[in-house]
Amino acid sequence: MLAAVVGVLGARAAAWLFGQSCDVYFTVGVVTTITLAVRDAIFIFDFAESLRAQGRSVSDAAAESARLRLRPIPMTALSFILGVLPHAAATGGRRRRPERHRHRCDR
């Protein structure tokens, strides 16, 4: 659950830092990012539980599962980032809306 909280806080901080609006594209991106973070945390936890069932200690199981899952997590994140990069750089319909209808992330 901590992964979801950190994901939301990081997304809000990045949007505030870069002055981005909190529109539907932002919301979809945040939900997708949180989903990826939680999914990776569940995979690490599940693998650690299977190692615990084999008789390993809590610290050994946690360290081993984090070590083995370290490569797939950044690969998934990188593929997600590269996949949404065209959407992030787009200047389509949301850029044409009047300023009075946009919601800022600094609230």
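Caption draft 1: Summary view of the packing of helix H1 (residues 2-18) against helix H2 (residues 24-53). Running from N to C, H1 and H2 point in directions that differ by 145 degrees, and their axes come no closer than 9 Å. Relative to H2, H1 is oriented so that their crossing is right-handed. Each of Ala3, Ala4, Val8, Ala11, Arg12 and Ala15 in H1 lies in contact with H2, whose residues at this interface are Phe26, Val30, Ile34, Ala37, Val38 and Ala41. Class assignment for the residues of the contact of H1 with H2 results in 11 nonpolar, no polar and one charged.

Caption draft 2: Region of the structure containing helix H3 (residues 58-69). Relative to the 16 Å expected for 12 residues at 1.5 Å per residue, H3 spans 16 Å between its end C-alpha atoms, a close match to the ideal helical length. All of the buried residues along H3 are Ala61, Ser65 and Arg69. With its buried residues spanning 45 degrees around the axis, H3 presents them on a single face. Set apart from the buried face of H3 by more than 90 degrees, the exposed residues are Ser59 and Arg67.

Caption draft 3: A look at H1. Over its 17 residues, H1 runs 24 Å from end to end, which matches the ideal 24 Å to within 8%, given 1.5 Å per residue. For H1, the complete set of buried residues consists of Ala4, Gly7, Ala11 and Ala15. Taken end-on, H1 shows its buried residues confined to a sector of 60 degrees, consistent with a single buried face. Along H1, exposed side chains directed more than 90 degrees from the buried face belong to Leu2, Val6, Leu9, Trp16 and Leu17. Each element contacted by the buried residues of H1 is listed here: H2.

Caption draft 4: Structural view of the pattern of salt bridges. Applying the stated criterion across every chain yields a total of three salt bridges. Among the salt bridges present, the one from arginine 39 reaches aspartate 40, with a minimum N-O distance of 3.5 Å. Classification of arginine 39 as partly exposed rests on a relative accessible area of 30%. What makes aspartate 40 buried here is its relative accessible area of 7%. The partner of arginine 69 in a salt bridge is aspartate 40, and the shortest N-O contact between them spans 3.9 Å. In this pair, arginine 69 is assigned in helix H3 and aspartate 40 in helix H2, connecting sequence segments 29 residues apart. The burial state of arginine 69 is the same as that of aspartate 40; both residues are buried. Counted as one network, the salt bridges with shared partners bring together Arg39, Asp40 and Arg69.

Thresholds applied
- Residues numbered from 1 in each chain as written.
- Predicted model: local features only at pLDDT ≥ 70, side-chain atom pairs only at ≥ 80, totals over all residues.
- Heavy atoms only, no water.
- Axes fitted to C-alpha atoms, helices over the stretch in contact; angles between N-to-C directions.
- Helix = DSSP H or I, 4+ residues; strand = E, 2+ residues; numbered from the N terminus.
- Left-handed = near helix turned anticlockwise from the far one by under 90°.
- Contact = heavy atoms within 4.5 Å.
- Nonpolar A, V, L, I, M, F, W, Y, C, P; charged D, E, K, R; others polar.
- Expected span 1.5 Å × (residues − 1).
- Buried < 20%, exposed > 50% of the residue type's maximum accessible area, 1.4 Å probe, protein only.
- Arc of directions from axis to C-beta.
- Salt bridge = Lys/Arg side-chain N within 4 Å of Asp/Glu carboxyl O.

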